[in-house]
Amino acid sequence: MEKLMMEKPEQVSWEYDKEADVLYISFGKPQPALSLDLGSGIVARYLEKSQKVVGFTIIGLKNVLRAAK
């Protein structure tokens, strides 16, 4: 895999699923993408062809935030 690229997004949107405790962050319009597990419940979403990061998914957000303290 090539290095993932990340540019300053013009638009950032997010959705929180309280029942599942998952935060979805998208740069631009949400779109299908590949996932790369970064560990600790954080997943990067990227486009295969351009290797551009188009969002992140944070699984177990409450635990991630507690661990960051």
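Predicted model, so just to flag it, every value in this text is computed and none were measured.

A closer look at the sheet that holds strand β2 (residues 22-27)
Step number 1: If you trace the 5 strands from one edge of the open sheet to the other, you get β1-β2-β5-β4-β3, paired in antiparallel fashion. A single partner strand is all that each edge strand has here, and the edge strands are β1 (12-17) and β3 (34-39). Between one strand axis and the next, the sheet turns by 20 degrees as a mean value, whatever way the strands run.
Step number 2: Pairing analysis gives 5 bridges linking strand β4 (residues 42-46) to strand β5 (residues 53-59), with the strands arranged antiparallel. The residue bridging V43 from the neighbouring strand is T57, located in β5.
Step number 3: Across the face of the sheet, helix α1 (residues 61-68) comes into contact with β1, β2 and β5 while running at roughly 90 degrees to β5.

Details of unusual backbone geometry
Step number 1: You will see that S40, though not glycine, has its phi angle at about 55 degrees, which is positive.
Step number 2: For S40, the position within the fold is in the loop between β3 and β4.
Step number 3: According to the relative accessible area criterion, S40 is exposed, its value standing at 67%.
Step number 4: Phi at Q51 takes a positive value of approximately 65 degrees, unusual for a residue other than glycine.
Step number 5: The residue Q51 is located in the loop between β4 and β5 in this model.

Concerning the nonpolar core
Step number 1: Within the largest apolar cluster, 8 residues are counted, these being L23, I25, F27, A44, V53, F56, I58 and L61.
Step number 2: If we skip the residues at most four places from it in the chain, F56 touches M6, L23, Y24, I25, F27, L38, I42, V43, A44 and R45.

Topic: the environment of I58
Step number 1: Counting through the fold element by element, I58 comes out in strand β5.
Step number 2: The class for I58 is buried, based on a relative accessible area of 14%.
Step number 3: Between the alpha carbons of I58 and D21 there is a distance of 8.5 Å; along the sequence they are 37 residues apart.
Step number 4: Residues contacting I58, with those up to four places away along its chain left out, are D21, V22, L23, I25, G41, I42 and V64.

Calculation criteria
Residues numbered from 1 in each chain as written. Predicted model: local features only at pLDDT ≥ 70, side-chain atom pairs only at ≥ 80, totals over all residues. Heavy atoms only, no water. Pairing = 2+ DSSP bridges. Helix = DSSP H or I, 4+ residues; strand = E, 2+ residues; numbered from the N terminus. Axes fitted to C-alpha atoms, helices over the stretch in contact; angles between N-to-C directions. Contact = heavy atoms within 4.5 Å. Buried < 20%, exposed > 50% of the residue type's maximum accessible area, 1.4 Å probe, protein only. Core = buried A, V, L, I, M, F, W, Y, C linked by side-chain atoms within 4.5 Å.

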